[in-house]
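Commentary on secondary and tertiary structure
Next come the chains, spelled out residue by residue.
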Amino acid sequence: MSLSKYRQKRRFNRTPEPKGQARRSNRSALQFVIQKHDASRLHYDFRLELNGALKSWAVPKGPSLDPTRKALAVQVEDHPIEYGGFEGVIPKGEYGGGTVLLWDHGTWEPLHDPRDGYKQGKLHFILHGEKLHGEWSLVRMHGKAGGDGKNWLLIKVKDKFASSRGDILKDQPQSVKTRRQIEQIADDRDDVWDNDSKDLAKSTEAKKSSLPSKFSPQLAVLADHPPQGDQWIHEIKFDGYRLLAFLKAGKVKLFTRNGHDWTNKFPAIARAFEKIKVDSAIIDGEAVMLDDQGRSDFQSLQAMLKDKEKGEPRLYVFDLPFYNGLNLTQTPLVERKKTLKQLMDRASLSPRIVYSDHVQGHGDEMIQKACGMSLEGIISKRADAPYVSRREATWLKSKCQQRQEFVVIGFTNPQGARTGFGSLLLGYHDKDGQLVYAGRVGTGFDEKLLKGLHAQLTRLEQKTSPTTNAPPPRQRRAAHWVKPTLVAEVRFTGWTRDGSLRHPAFISLRSDKPASKIVREMPVHAEDASVKPKSPKSVRRKTDKKAKQTSSSSNSASADSFAGVRLTHPDKVLYPDGIVTKIDIASYYQSVEQWMLPHVMNRPLALVRCPAGQSAKCFFQRNWSDTLPSAVTKIDVSDTKKKEWHVAVNDLAGLISLVQISVLEIHTWNCRDGDIEHPDQLVFDLDPGPNVPWKQVVSATRMLHNMLDHLRLPQFLKTSGGKGLHITIPIEPTIDWDAAKEFCGTIVKSLAQSSNLIVANMRKDLRGGKVYIDYHRNGRSATAVAPYSTRARLGAPVSMPISWEELGKLSSAAQFTVESARRYLEKRKTDPWRDFDKSRVDLRRTLAGRSAA
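Residues numbered from 1 in each chain as written. Predicted model: local features only at pLDDT ≥ 70, side-chain atom pairs only at ≥ 80, totals over all residues. Heavy atoms only, no water.

A few words now on the overall build of the protein chain. Of regular secondary structure, the protein chain possesses 20 helices and 46 strands. A buried classification covers 56% of the 853 residues belonging to the protein chain. Accessible area for the protein chain stands at about 38100 Å²; split by element, carbon and sulfur atoms hold 49% of it. (Helix = DSSP H or I, 4+ residues; strand = E, 2+ residues; numbered from the N terminus. Buried < 20%, exposed > 50% of the residue type's maximum accessible area, 1.4 Å probe, protein only. Areas by Shrake-Rupley, 256 points an atom, 1.4 Å probe, with all protein chains shown as cover.)

In structure tokens:
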């Protein structure tokens, strides 16, 4: 069936239901929806996405987890994809009039070709919902019972999710969208599918007004975490350009947050707005480009605008401050959004213009899901708040990663084979309006950007630094200063004590934000923003009523969900000897996140995957593929001979995603994304031969330590989690791989000549009774196990950073395990690797000095 029957049964001039159009889905996962529908008779609408629409069945008694119960499912007309998110009231007298509750949603996974199965009358699939899971079947009935072919049976297949006890419909009657009961939705009537927007004119807050010629958008305040309570609604935070659409008498203008006319930059969006039949309006939204995972991609948007590359930008709209001669800025947000949704549904502008929906309450759960999908974060808004044209704490932004804009104040020269420039020097304005130095960023650039941006920087050069505080002498001597007009968006892991960025990575230039307005964003506590804004008493009573009706216990995340990533089979045993499960490992990585991520993120990785656990067959994976979880990213490690992408992670969601696919070892390259050809650390792997006592491993480690100490090189020690120890030296990325490997080889060979305990040759027949120091881990594409990584060995050992004082207390390289590491870390007062980044040395100068000597 197409959507023609759906359209025939509805009067779109009376209800703003989406007209929709069957379209090819660009998502890798197909969605399913179950809506509890209290119409002439209570029933459940079961909907599966197929062929660009929702195949739909009315299930009178609802789904059951009991495999012996075969639920009648009567097929009805196909529905548009947009219909699947509706929860609210359809007015009496209209088709389907009654209350609709979103009972469950998620994705479905066909176990055979779904199109052939549908034609043959048998669908076998797996549901990944919030309430329903596991295998199910939909089977068309035949003979007299089959009637005209519309009668099907919905059957739960017997698996671990099946149960003959209880009734899930009675046990879990609440909405997965708002956690309300169907009676509450009927009473609240906050989303009624009618076109009577005249109620706005009756509102005491909506004032008659002509459309202003200029208007500034409301901006969000950075928060340390999402606020709690049902007085807040939460939206996805998009990574694009903020646009205000001015609609008047059929004409459309698109303005940036600073009032620049960008209508010509987004002509397709402007043309789409022309379909809206309104006298006047201002619609607030964000223009984005989506990647193949459905996430907003700012760099693609920039490329489309700058180079006129092909693409389909979309505008996600989320507010309506002016509408048909009414100033709605004092009208509560939920009422503005309700009117905006009705307007968008009537116009049916998708996919070019899309209504940005929201979730009421459940801020913690929302941010976890957003981060698990590798999104930027969420925006939390007071449901009863007015619209104000300034930065206000009734809108809060919570980010998955720390990121903000900085003023470009200078640049450094490129090193090695790099072209253009080495790093950008960054700053921000303090409370007195003075520019303050904030550090430098040297990763995140490709060759095209290095060349183009260098040309811009050269034109802006000046003799003196524009900042009040001077950068460190080494950076000051190498700096080229520029006029502070460019703005760069940067992601980073935190701030050092002296006010510099930790692990920054360049994202993009921002032409929509003036340099003079860039300040350091200081997150507020979400609780401090929970004071109610001034708003109508009626709305406050309604919001408070909802808050009381909704159980606070539903705010807690699932016990098998970490950073928004849900573990399947969390109790699966991955280490049989110690009975260490998948959830044990995920919990461990969550506990070491703050120490581990700085050494893992933005590095090419090599993984050891053990789908059946440590005791079974494992395999090595380093190449990225689109079958990996979305939080597992990729890094280009191509050389002149081969195009190649390796796996990478940037946050806790990425680490947990590796656990989800049974990764038991994480190994890193000695470089970061953006400068693949220059290592930023050196690794010496001390590997004892057969029958070498542990005390000799310690002795060999001390010998190497003393030699490196004599060269005044910073050293950081860790257990390998296997048989030996690793010494890591942080360096500036100023030498290439050959120089790094040669330098390390010279040290090891020299030590081997002076000690019978140490060998520099990897031949096994030469290693008996000796400690082999592997310096080959410093070549291009060579890896070493990451700090805090688990190992695929008996006992679930981990690679643990330790202090030099602890070396003599070690009993083995596998002393720390998933179980014991937590107890050790709880007692450890300081991080022995805390000064890793600030200790970097420039080996280029060291090597130059050796050559001169």
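Another aspect to go through is the sheet that holds strand β45 (residues 784-785). Spatial ordering of the open sheet is given by β36-β35-β39-β45, a layout of 4 strands whose pairing is antiparallel. This sheet does not close on itself; its edge strands, each paired only once, are β36 (619-621) and β45. By the bridge criterion, 2 bridges tie strand β39 (residues 663-668) to β45 in an arrangement that is antiparallel. If you follow H667 over to β45, its bridge partner there is V785. (Pairing = 2+ DSSP bridges.)

Among all positions in helix α19 (residues 818-827), only V818, S820, A821, Y824 and L825 are buried. Seen end-on, α19 carries its buried residues on one side only, within an arc spanning 150°. For α19, the exposed residues set more than 90 degrees away from the buried face come down to E819, E826 and K827. The inward-facing, buried residues of α19 abut β34 (580-581), α14 (582-591), α15 (593-600) and β46 (801-802). (Arc of directions from axis to C-beta. Contact = heavy atoms within 4.5 Å.)

Mapped onto the secondary structure, T443 falls in the loop between β24 (435-441) and α11 (447-459). Among the polar contacts listed, one links the side chain of T443 to the backbone oxygen of P504, at a separation of 3.2 Å. In this structure, T443 is in contact with P504, A505, F506, R672, D673 and G674, ignoring residues within four places of it in sequence. (Polar contact = N/O pair within 3.5 Å; in protein donor to acceptor, adjacent residues only side chain to side chain.)

Moving on, we come to the packing of α14 against helix α16 (residues 652-660). Taken N-terminus to C-terminus, the directions of α14 and α16 make an angle of 160°; their axes are 9 Å apart at the nearest point. Of the possible angle classes, the one that applies to α14 and α16 is roughly antiparallel. The hand of the α14/α16 crossing is right-handed. Taken together, the residues of α16 that come into contact with α14 (itself represented by K582, I585, A586, Y589 and Q590) are L652, I656, V659 and Q660. Considered class by class, the residues forming the contact of α14 with α16 number 6 nonpolar, 2 polar and 1 charged. (Axes fitted to C-alpha atoms, helices over the stretch in contact; angles between N-to-C directions. Parallel < 35°, antiparallel > 145°, perpendicular 65-115°, else oblique. Left-handed = near helix turned anticlockwise from the far one by under 90°. Nonpolar A, V, L, I, M, F, W, Y, C, P; charged D, E, K, R; others polar.)

By definition, a disulfide links the sulfur atoms of two cysteines through a covalent bond. Applying the stated rule across the entire model yields 2 disulfides. In this model C371 forms its disulfide with C400; the gap between the sulfur atoms is 2.2 Å. On the sign convention where negative means left-handed, the S-S torsion of about -100° between C371 and C400 marks this disulfide as left-handed. One end of the pair, C371, is in helix α10 (residues 363-372); the other, C400, is in the loop between β21 (391-399) and β22 (402-412), with 29 residues separating them in the sequence. You can call C371 buried: its relative accessible area is 14%. With a sulfur-sulfur separation of 2.1 Å, C610 is cross-linked through a disulfide to C618. Taking the torsion about the S-S bond as the criterion, the C610 to C618 disulfide, at about 110°, is right-handed. The class for C610 is buried, based on a relative accessible area of 0%. Here the bonded cysteines of the protein chain are numbered in sequence order, and their pairing is 1-2, 3-4. (Disulfide = S-S within 2.5 Å.)

Now for the environment of T339. Along the chain, the position of T339 falls in helix α9 (residues 333-347). Sequence separation between T339 and D319 is 20 residues; the distance between their C-alpha atoms is 9.2 Å. A distance of 3.1 Å separates a polar side-chain atom of T339 from the backbone oxygen of E335.

It is worth spelling out helix α17 (residues 694-710) at this point. For an α-helix, the turn length of 3.6 residues means that residues three or four places apart are oriented alike. Here α17 spans 25 Å end to end across 17 residues, near enough to the 24 Å set by a 1.5 Å rise per residue. When α17 is considered as a whole, its buried residues turn out to be W694, V697, V698, A700, T701, L704, H705 and L708. Along α17, the residues classed as buried sweep out an arc of 160° about the axis, all on the same side. Facing away from the buried side of α17, by more than 90 degrees, are the exposed residues K695 and H710. Buried positions along α17 lie against β40 (681-688), β41 (716-719), β42 (725-730), α18 (737-754), β43 (758-759) and β44 (771-774). Just beyond α17, the residue with positive phi is R712, at close to 60°. (Expected span 1.5 Å × (residues − 1).)

Below, the discussion takes up the nonpolar core. In terms of nonpolar packing, the biggest core is built from 82 residues, with Y589, I666, F684, L704 and M800 touching the most fellow members. Beyond its immediate chain neighbours, meaning those up to four positions away, I666 contacts Y589, M596, L605, A606, L607, L655, L658, A784, V785, A786, S789 and T790. Within the second largest apolar cluster, 36 residues are counted, among which are Y241, A272, M344 and L349. (Core = buried A, V, L, I, M, F, W, Y, C linked by side-chain atoms within 4.5 Å.)

One pass over the structure, following the stated rule, counts 26 aromatic pairs. On the basis of an interplanar angle of 80° and a centroid distance of 5.1 Å, the ring pair of F421 and F445 is categorised as edge-to-face. Linking F421 in the loop between β22 and β23 (424-429) with F445 in the loop between β24 and α11, this pair joins segments that are 24 residues apart in sequence. Taken together, F46, W57, W108, Y118, F125 and W152 form an aromatic cluster joined through their ring pairs. Over the face of the ring belonging to W262 we find K265, whose NZ or CZ atom lies 5.1 Å from the ring centre. Seen from the ring of W395, K381 lies directly overhead, with NZ or CZ sitting 3.9 Å from the centre. (Phe/Tyr/Trp six-rings, centres within 6.5 Å; stacked < 30°, edge-to-face > 60°. Lys NZ or Arg CZ within 6 Å of the ring centre and 35° of its normal.)

Attention now goes to the sheet that holds β41. A sheet is described by the order of its strands in space; here 6 strands give the open sequence β43-β44-β40-β42-β41-β46, paired in mixed fashion. Looking at strand neighbours, the two that pair on one side only are β43 and β46, the edges of this open sheet. Where α17 meets the sheet, its contacts fall on β40, β41, β42, β43 and β44, and the angle it forms with β42 comes to roughly 15°.

We now examine the pattern of salt bridges. A complete count under the given rule lists 42 salt bridges for this structure. With a closest N to O distance of 3.5 Å, E521 and K399 form a salt bridge. Of this pair, E521 sits in the loop between β30 (505-509) and α13 (537-549) while K399 is found in strand β21, placing the two residues 122 residues apart along the sequence. For E521, a relative accessible area of 17% gives the class buried. R828 is the partner of D831 in a salt bridge, and the nearest nitrogen-oxygen pair spans 3.8 Å. The same class applies to D831 and to R828, which are both buried. Here the salt bridges do not stand alone but share partners, grouping K237, D239, E376, R403, E489, R510 and D512 into one network. (Salt bridge = Lys/Arg side-chain N within 4 Å of Asp/Glu carboxyl O.)

Of all 6 residues making up strand β12 (residues 232-237), 5 are buried, and the element is well covered by its neighbours. Here β12 runs beside strand β20 (residues 377-382); their pairing, made up of 6 bridges, is antiparallel. If you follow W232 over to β20, its bridge partner there is R382. Bridge count for β12 against strand β19 (residues 359-360) is 2 bridges, and the pairing is antiparallel. Bridge pairing links H234 to V359 in β19.

Attention now goes to the packing of α17 against α18. Between α17 and α18, the shortest axis-to-axis distance is 11 Å and the interhelical angle comes to 125°. Relative to α18, the element α17 is oriented oblique. Considering how the two elements wind past one another, α17 and α18 form a crossing that is right-handed. Taken together, the residues of α18 that come into contact with α17 (itself represented by M703, L704, M707 and L708) are I747, S750 and L751. Residues that form the contact of α17 with α18 fall into these classes: 6 nonpolar, 1 polar and no charged.

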